[in-house]
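# Report on the structure
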Amino acid sequence: MTAGAPAYDGGVRHFLRDDDLTPAEQVEVLDLAASLKAAPFSRRPLEGPRSVAMIFDKPTLRTQVSFGAGIAELGGNPMLVEGRLAGIGIRESVEDVARVLGRQVATVVWRTFAQADLETMAAHAGVPVVNALTDDFHPCQLIADLLTVREHKGTLAGLAVAFIGDAACNMGNSWLLAGATAGMHVRVSAPEGYLPSAAMFDRAAEIGATTGGSATAVADPQKAVAGADVVVTDTWISMGKESEEAARVAAFAPWSLTEDLMSHAAPDAIALHCLPAYRGKEIAEAVLEGPQSAVWDEAENRRHAQKAVLAFLLERSTPPPTGTAGTGGAA
C-alpha cells in the first residue's frame, strides 16, 4: 500500500493510518462526527444489527468503551474478540483470521502492536479494517483530537500545535500526518532520540505542501509552545516501555506540561492528552484539571469520531460478492 494513498482493497476502504484520508475526506469525517454528536442516532449503517469485530491486544479503556457504545448507536452489535484466545499470528495466521472474520462481520476494529499485521488483515478481510492503535499510528485518536480542537477553536487550518514529550510514538506520528492534512502547523519537541523518524517529517511536509500545513522539530520546549493554540502531550512510558521508566522520567523532565510551560502558549490555548495520564510526570495536575484542559471533551469525542469513521468507511466501500469474505453481517 502506497503511503498517503486512500486505503482501498477491491472497493473496500480502510483506516490504517492518518493519511488514508485526503484533506477533503478528513473534513467530511469531522463534519459527520459533529453531526453525530448532535444527533447520535441519525446515522444507522449497522442496522440489522450487523456485527463489528473488536480485537484488543493491548490494554484499553477509552478505545473499548467508545467503539462499543458507538457501534451500538450506529445500530450494530459490538462483538468482542478476545485476542489472547484467538492467538492471532500465533495459533492462526493473520491472513486466515482475516478471511474468517470477513465472513462474519461488517467491519474489523483492531488495537494491536505491528502496523504490518493490521495491513495484512486489511488485505485479506474483504471488509473495512480500522486501526484502533498500533505501535506506529493512532488515527482514530487524532480524529477525536481534531474534533475537539475544532469545537474549541472553530477552525483547524493555520493553528499552531505543540506536541511535547515522547514524540517517537504513534501519537507523534499521527499528529504530524493528521495535523498537516488539516493545514495546521505542528511543532514537535522532544529530547534527542525521541523524535519521529525523518520519513514521518517528510510525509507531513509532502501533505503540508498541498494544505498549507507544516511540521517542524523544535528542541526547546518553551520555544515549541510559544504562542501555540494547542499543546499536546502523552505518557512518557508507552505500553512496552515500562522497563525504561527511570531513564525516561529523567530525560523528559524539562518537557513536563506544567503551568509554567503552558503559560508560554497563547492565552486561549487548550491542552490535550489522550490518556491515561500520569499526573506530576508528563502533565501537571493543575493543567490536566485546569481551565485550559480539553482532555475530557477529547475522551468523549472518541465515540463520535469513531462513529463517523465507521459510517464513512461502510458507506464508501463496495460490498464483496455473495459467498466471499465480508458477506457475514452484510445487509
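The rules behind the values
- Residues numbered from 1 in each chain as written.
- Predicted model: local features only at pLDDT ≥ 70, side-chain atom pairs only at ≥ 80, totals over all residues.
- Heavy atoms only, no water.
- Salt bridge = Lys/Arg side-chain N within 4 Å of Asp/Glu carboxyl O.
- Helix = DSSP H or I, 4+ residues; strand = E, 2+ residues; numbered from the N terminus.
- Buried < 20%, exposed > 50% of the residue type's maximum accessible area, 1.4 Å probe, protein only.
- Pairing = 2+ DSSP bridges.
- Axes fitted to C-alpha atoms, helices over the stretch in contact; angles between N-to-C directions.
- Contact = heavy atoms within 4.5 Å.
- Core = buried A, V, L, I, M, F, W, Y, C linked by side-chain atoms within 4.5 Å.
- Expected span 1.5 Å × (residues − 1).
- Arc of directions from axis to C-beta.

### Regarding the pattern of salt bridges
- Scanning the model with the defined rule gives 22 salt bridges in all.
- Among the ionic pairs, Arg150 bridges to Asp31, the shortest N-O distance being 2.9 Å. Here Asp31 lies in helix H1 (residues 23-38) and Arg150 lies in helix H6 (residues 139-153), a separation of 119 residues in the sequence.
- Using a relative accessible area of 21% as the deciding quantity, one classes Arg150 as partly exposed.
- In this structure, Glu315 engages Arg43 in a salt bridge whose closest nitrogen and oxygen atoms are separated by 2.9 Å.

### With respect to the sheet that holds strand S3 (residues 51-56)
- In spatial order, the strands read S4-S3-S5-S6; together these four strands make up an open sheet with parallel pairing. Of all the strands in the sheet, the pair left with one neighbour each is strand S4 (77-81) and strand S6 (129-131). Strand-to-strand twist of the sheet, defined as the mean angle between neighbouring strand axes without regard to direction, takes the value 25 degrees.

### Considering the sheet that holds strand S11 (residues 270-273)
- Judged by pairing direction, the sheet is parallel, and its five strands sit side by side in the order S9-S8-S7-S10-S11 without closing on themselves. Both edges of this open sheet fall to strand S9 (214-217) and S11, since each of them pairs with a single strand only. In this sheet, neighbouring strand axes are inclined to one another by 20 degrees on average, regardless of whether the strands run parallel or antiparallel.
- With four bridges joining them, strand S8 (residues 185-189) and S9 adopt parallel strand pairing. In the sheet register, Arg187 faces S9, and the bridge partner there is Thr216.
- Relative to the sheet, helix H7 (residues 170-181) contacts strand S7 (160-164), S8, S9, strand S10 (230-233) and S11, its axis offset from that of S8 by approximately 160 degrees.

### Side note on the nonpolar core
- Core analysis: the biggest nonpolar cluster contains 66 residues, and Phe67, Trp175 and Met184 have the highest contact counts within it.
- Apart from residues lying up to four places away in sequence, Met184 is in contact with Leu146, Val149, Leu156, Gly158, Leu159, Val161, Trp175, Gly179, Gly213 and Ser214.
- Counting residues in each nonpolar core, the second largest holds 20 residues, with Trp255, Leu275, Leu288 and Val295 among its members.

### Here's the deal with H1
- Spanning 16 residues, H1 covers 23 Å between terminal C-alpha atoms, matching the ideal 22 Å at 1.5 Å per step.
- Of all the positions in H1, only Glu25, Gln26, Val29, Leu30, Leu32, Ala33 and Leu36 are classed as buried. For H1, the angular spread of the buried residues around the axis is 160 degrees, confining them to a single face. Opposite the buried face of H1, at more than 90 degrees from it, the exposed residues are Ala24 and Ala38.
- In this structure, the buried side of H1 is in contact with strand S2 (12-13), H6, H7 and helix H13 (295-316).

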